[in-house]
Amino acid sequence: MSQKNIRNFCIIAHIDHGKSTLADRLLQVTKTVDERKLVAQTLDDMDLEREKGITIKAHAIQMNYAYRGEKFVLNLIDTPGHVDFSYEVSRSIAACEGALLIVDSTQGIQAQTISNLYLALEHDLHIIPILNKLDLPNAEPEVVKDQIVDLIGCEREDIIHASGKTGLGVDEILAAICDRIPAPKGDENAPLQAMIFDSVFNSFRGIIAYYRILNGTIKKGDKVKFMATDTSYEADEVGVMGLELQARSEVKAGDIGYIISGIKTASEVKVGDTITHVNNPCSESIKGFEEVKPMVFAGVYPVDTDDYEDLRASMEKLQLNDASLVFEPESSAALGFGFRCGFLGMLHMEIIQERLEREFNMTVITTVPNVSYIAHTTKGEVIEIHNPSELPDSNKLDFVEEPYIKAQIITKTEYTGAVMKLCIEKRGMLQNQHYLTADRVELTFEMPLAEIVFDFYDRLKTISRGYASFDYHPIGLKQSDLVKMDILLNGDQVDALSALIHRDHAFDLGKRICIKLKELIPRQQFEIALQAGIGAKIIARETISALRKDVTAKCYGGDISRKRKLLEKQKEGKKRMRQVGSVEVPQEAFLAVLKLNS
Amino acid sequence: MAGIYIHIPFCKQACHYCDFHFSTTLHARSELVDALVIELDQRKHDAHDEPVRTIYFGGGTPSLLSGDELKKIMDRVFDTQVVISPAEITLEANPDDLSKNKIKELREAGINRLSIGIQSFRDEDLKWMNRAHLAHQADYAVKAAQDAGFENITIDLIYSIPSLSMNDWRDNLKKAIELNVPHISAYSLTIEPKTVFGHRKAKGLLTPTDESISQDQFLAMVDLFAEAGLLQYEVSNFSKPGLESRHNSSYWKGELYIGIGPSAHSFDGKNRRWNISNNQQYMRGIQRGEPMFEQEILTKEMRYNEYIMTGLRTIWGVELNYLRDHFGVDLNDLYPKEISYWKEEGKMIEKEGVMRLTPKGFLFADRIASDLFIVS
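This structure is a prediction, so every number in the text was calculated from the model and none was measured.

What counts as what
Residues numbered from 1 in each chain as written. Chains lettered and ligands numbered in written order. Predicted model: local features only at pLDDT ≥ 70, side-chain atom pairs only at ≥ 80, totals over all residues. Heavy atoms only, no water. Helix = DSSP H or I, 4+ residues; strand = E, 2+ residues; numbered from the N terminus. Rg over C-alpha atoms; globule rule 2.2 N^0.38 Å. Buried < 20%, exposed > 50% of the residue type's maximum accessible area, 1.4 Å probe, protein only. Contact = heavy atoms within 4.5 Å. Areas by Shrake-Rupley, 256 points an atom, 1.4 Å probe, with all protein chains shown as cover. Lys, Arg positive; Asp, Glu negative; His and termini not counted. Charge placed at Lys NZ, Arg CZ, Asp CG, Glu CD. Axes fitted to C-alpha atoms, helices over the stretch in contact; angles between N-to-C directions. Parallel < 35°, antiparallel > 145°, perpendicular 65-115°, else oblique. Left-handed = near helix turned anticlockwise from the far one by under 90°. Core = buried A, V, L, I, M, F, W, Y, C linked by side-chain atoms within 4.5 Å. Domains from an automatic or database assignment. Pairing = 2+ DSSP bridges. Phe/Tyr/Trp six-rings, centres within 6.5 Å; stacked < 30°, edge-to-face > 60°. Lys NZ or Arg CZ within 6 Å of the ring centre and 35° of its normal. Buried area = accessible area lost by both parts, 1.4 Å probe. Salt bridge = Lys/Arg side-chain N within 4 Å of Asp/Glu carboxyl O. Polar contact = N/O pair within 3.5 Å; in protein donor to acceptor, adjacent residues only side chain to side chain. Expected span 1.5 Å × (residues − 1).

Draft legend 1. Seen up close, the overall build of chain A. Across its full length, chain A holds 13 helices and 33 strands. The globule rule puts the C-alpha radius of gyration for 598 residues at 25 Å, and the 26 Å found for chain A is close to it. Classification of the 598 residues of chain A by burial places 58% in the buried group. In chain A, the proportion of contacts linking residues at least 24 apart, taken out of those at least 6 apart, comes to 69%. Summing over all exposed atoms, chain A offers an accessible surface of approximately 24,900 Å²; the carbon and sulfur share of this is 48%. Taken as two groups, the 71 positive and 88 negative side-chain charges of chain A have centres that lie 5 Å from each other.

Draft legend 2. Broad picture of the packing of helix 6 (residues 166-178) of chain B against helix 8 (residues 211-227) of chain B. Residues and elements named next belong to chain B. The N-to-C vectors of helix 6 and helix 8 enclose an angle of 30°; their axes lie 10 Å apart at closest approach. Comparing their axes, helix 8 and helix 6 come out roughly parallel. Between helix 6 and helix 8 the crossing geometry is right-handed. In this structure, helix 6 uses Met166, Trp169, Arg170, Leu173 and Ile177 to contact helix 8, whose residues at the interface are Asp216, Gln217, Ala220, Met221, Leu224 and Phe225.

Draft legend 3. Looking closely at the nonpolar core. Residues Phe57, Ile155 and Leu331 of chain B are the most contacted members of the largest nonpolar core, which totals 121 residues. The residues that make up this core include at least three from each of domain 1 (2-251) and domain 2 (300-371) of chain B. One finds Leu356, Leu497, Leu530 and Val593 of chain A within the second-largest nonpolar core, a separate group that totals 89 residues.

Draft legend 4. A look at unusual backbone geometry. Of note, the amide linkage connecting glycine 59 of chain B to glycine 60 of chain B takes the cis form, showing an omega dihedral of 15°. Considering the arrangement of structural elements, one finds glycine 60 of chain B in the loop between strand 2 (52-59) and helix 2 (67-80). At the junction of serine 85 of chain B and proline 86 of chain B, the peptide bond is cis and its omega measures out at 0° in the coordinates. Along the chain, proline 86 of chain B falls in strand 3 (residues 83-93). If you check the backbone angles, asparagine 361 of chain A has positive phi at about 55° while not being a glycine.

Draft legend 5. Broad picture of the sheet that holds strand 10 (residues 223-226) of chain A. All names here are of chain A. The strand order 11-10-16-7-8-15-12-13 describes an open sheet built from eight strands, whose pairing is antiparallel. Looking at the sheet topology across the chains shown, the edges are occupied by strand 11 (231-234) and strand 13 (245-248). When strand polarity is set aside, the average angle formed by the axes of neighbouring strands in this sheet is 40°. In this sheet, strand 11 lies alongside strand 10 in antiparallel orientation, the contact comprising four bridges. In the strand pairing of strand 11, valine 224 is matched with tyrosine 233.

Draft legend 6. Layout of the environment of glutamate 572 of chain A. Among the secondary structure elements, glutamate 572 of chain A is positioned in helix 13 (residues 560-575). Setting aside its immediate chain neighbours within four residues, glutamate 572 of chain A contacts Val375 and Ser376 of chain B.

Draft legend 7. Structural context of the packing of aromatic side chains. Per the counting criterion, the structure on display carries 24 aromatic pairs over all chains. Look at tyrosine 159 of chain B and tryptophan 169 of chain B: their rings are 5.1 Å apart centre to centre, the planes differ by 35°, and that puts the pair in the tilted class. Taken as a pair, tyrosine 159 of chain B in strand 5 (residues 152-159) and tryptophan 169 of chain B in helix 6 lie far apart in primary sequence, 10 residues in all. Given a relative accessible area of 0%, tryptophan 169 of chain B falls into the buried group. When the centroid spacing of 6.4 Å and the interplanar angle of 40° are considered together, the rings of tyrosine 307 of chain B and phenylalanine 327 of chain B count as tilted. Of this pair, tyrosine 307 of chain B sits in helix 11 (residues 300-312) while phenylalanine 327 of chain B sits in helix 12 (residues 320-327), placing them 20 residues apart in sequence. The same class applies to tyrosine 307 of chain B as to phenylalanine 327 of chain B, namely buried. Ring pairs connect the aromatic residues Tyr556 of chain A together with Tyr187, Tyr233, Tyr251, Trp252, Tyr257, Phe267 and Trp316 of chain B, which therefore count as one cluster. Here arginine 272 of chain B stacks its cationic end above the ring of phenylalanine 267 of chain B, 4.0 Å away from the centre of that ring. When the ring centre of phenylalanine 293 of chain B is taken as reference, the NZ or CZ atom of arginine 273 of chain B above it lies at 3.5 Å.

Draft legend 8. Geometry of the interface of chain A and chain B. Taken together, the contact pairs 29 residues of chain A with 44 residues of chain B. Both sides of the chain A and chain B interface together cover about 3,500 Å² of buried area, and 52% of this is carbon and sulfur. Here chain A and chain B share seven salt bridges between them. With its nearest N and O atoms 2.8 Å apart, the salt bridge here joins glutamate 296 of chain B to arginine 564 of chain A. Counting every contact that joins chain A to chain B gives 29 residue pairs in polar contact (both at pLDDT 80 or more).

Draft legend 9. Spotlight on the sheet that holds strand 6 (residues 160-161) of chain A. All names here are of chain A. Spatially, the six strands line up as an open sheet ordered 2-3-1-4-5-6, and their pairing is mixed. Since the sheet does not close on itself, it has two edges, and those belong to strand 2 (60-67) and strand 6, each with one partner. The pairing of strand 5 (residues 126-132) with strand 6 spans two bridges and is parallel. When the sheet's bridge partners are listed, isoleucine 130 is paired in strand 6 with isoleucine 160.

Draft legend 10. Region of the structure containing the domain arrangement of chain B. Residue and element names in this part refer to chain B. The domains assigned to chain B are domain 1 (2-251) and domain 2 (300-371). For domain 1 and domain 2, the distance between their C-alpha centroids amounts to 29 Å. In this complex, domain 1 contributes 13 residues to the contact, which on the side of domain 2 involves 10 residues. Of the roughly 950 Å² buried at the junction of domain 1 and domain 2 (both faces included), carbon and sulfur atoms supply 73%. Among the residues of domain 1 in contact with domain 2, Tyr233, Glu234 and Val235 are the three that bury the most area, contributing 41% of the side total. Inspection of the region where domain 1 meets domain 2 yields one salt bridge. Here arginine 313 and glutamate 234 are joined by a salt bridge, their closest N and O atoms 2.9 Å apart.

Draft legend 11. Here's a closer look at helix 1 (residues 29-42) of chain B. Residues and elements named next belong to chain B. The first and last C-alpha atoms of helix 1 sit 20 Å apart over 14 residues, in line with the 20 Å expected at 1.5 Å per residue. The complete set of buried residues in helix 1 reads Leu32, Val33, Ala35, Leu36, Val37, Glu39 and Leu40. The elements touched by buried residues of helix 1 are strand 1 (2-8), helix 2, strand 9 (256-260), strand 11 (271-275) and helix 10 (279-287).

What follows is the structure, given as structure tokens:
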């Protein structure tokens, strides 16, 4: 296949705007997948992804399409749709020449879409605007078209009308991909230069890396080098991605392919890295590579202390296909032995917890997440802190710095006030206010990263009724007045519940955490005192009264089944509790601080 | 041994606390009785040749049935099953239905045990719960039944009623004892979601009685009844020795029972099934020979859990040998920590191979049972 008939494209869409359904339609029409095999949302093959409705890990798929008497190869690169994975998105975009911009005609453009769209425009991608879900009665095609025209400056007639549900517009989209997206312009005879945009772990074959070849040709058996990690391998197998992998003798410039080379762990394959030949290397690596750094840290402990070694084994296996997960052993007085883990963000943390549960049957307790702080001691030492317990005593502490981000929020103008109020409450400082269209505004704030971690995104969605999306980039450290807040259960401090928070928020947060814990910790045969404290000072207190009675009045023929199920559920719940001192604490209570508004 | 439960799904009016299946539209009564009779025919082999030892008419309000209707059902039970003599044949009755004439009809139909829904001896409580009778009718009904020769009588009481003080409750208990009935069931008021009380609670118009008051009322009751020679043989059931409800006890002892009528539950030793809770659909299904029920096939683990749950609610407790023989479980080995905790709390005792709860332990029967459950 010559480059002139290759089209590489990705899809930019907000969650629920119908990306996956439309992608399925493309696969169907190009006969890439058998009608019978078409599980809803083919591209998301982890169960978890399908349930969460988010494509977590990018995938790629090659379609063959005959158009105007010519054969085309269309490479669709799927992109994750969450800020936790924005670096991966940028690499996927960098592998393409074009993008389908899918907008739900009932919802209009969302902020997430805009930040990814900007990324695509930065990389000079040709944008094909698509108005989706036109089959719905509440579609507002004209209004949404105005937004699209305003945003990308296209002609109204360039916008394709589509419906993933009915199949409307699918042929037109395929034609536009062939007609409008430029062909790749690499030199297949130049030294090899291929960018890794994703990798997956296969338990039989090891790591499979996906790449886009900018220049050169990769052949089976080639000796190749990964430039950033500076490691060399032999290409055991190369090929392209259909619904399954299709081995080829070579993959050439302009195309999307995979390589299997006996790599065992994901950490050896870094998204954004450049693959070249050992013998005839390219002169420089592809721009834009970044080491992915964890943003959020939390303790992960087995519910049953005996499962520590099993948990270690499970985490090691998870790390094989998720290099962004980092962990090291730590111990807690309350929880025993566990791990301090670093995650890309909160969604990533949730996903890891769920994968541990589903794929490894490991029930874990996750402790209050925190960002990484820098503590400066009076002696001039500089300590990186990943756990509140590492904060030096106040008499030895000079000052603390915390990471800040630049947050970009796009919302409808009517929600500007509410969004600003939230951001200011979260210690944000307004940097810029920019009207994208008459009724859409982009707000730029500088905020502490820690404030994003604690229930920011959910509240943003609530106050804007879903009409706000946001994106963020780290901008460095700033000095902050932080204190360590401890939680005491019946007078005993529970280290796993401590959190570093801003002094101004301490009283309010302490009270709310105690109230939330009261809700989450079941009553026991004795009274439980819940206290929040800073140093020796108690700032909030709640009491869980003793349980006096736990028995059903009636248990006759018809009640037995129902009652048994209820008690079985209680027993299940008990398995997810951890005894801290004399108190049984459920798994979710350790994350109470994240759920203060629910 | 088998038991037969027959559900009569009609009431004159709905009590505010009740979430059992019933209808206040009474005109379909005779049609329903016909369906009950057909179901008895259809299920004549469900006792698997075990003789029937108890028959129980529950509801709803079975005392709404006429003597003829009752007799029709009873005859069909005797036609389709081997009923041992004397069987325990119970009927739930509301005091306002128990005229002298009615009582006579019931005796003639073969009822030998009456369960009278008194609930409280205070009109204030009866009105609040939307009961159909007044306090004086309860007294009268019990005495009339005793005069007519009913010896085996049980009455129902309810406590933890918000307006019922400790003294009011003691008065109720004393009145109950004075009636000199051999059996009393007393239930802590439970606010069920789909009831009038449930709605009031959801709207914040009803605050359930404080647990510590419920606990005190429970313990006071246990003491007073013990003095009167009424033995607590189950969490909510008290009787003179030997006069426990044989029918209800069979639920707790895992014995076989056949439930006839809409919403009635059956158990054949391995599986539980329950008829649809809708009179019209039930009748239509039965008439077409397509009984409408759902069932649950019990695993060994579920059977173990049920044995623990029901056993711990009774004075007979759970037998350690039974657990070993039937489930391969040594309870003390499986849950040493939990068992020693509940023993130290004075809520559980082990004696002669039986693990059972003390009256204080009965108050935590659910929690203790779930502690000893097996879920994998």
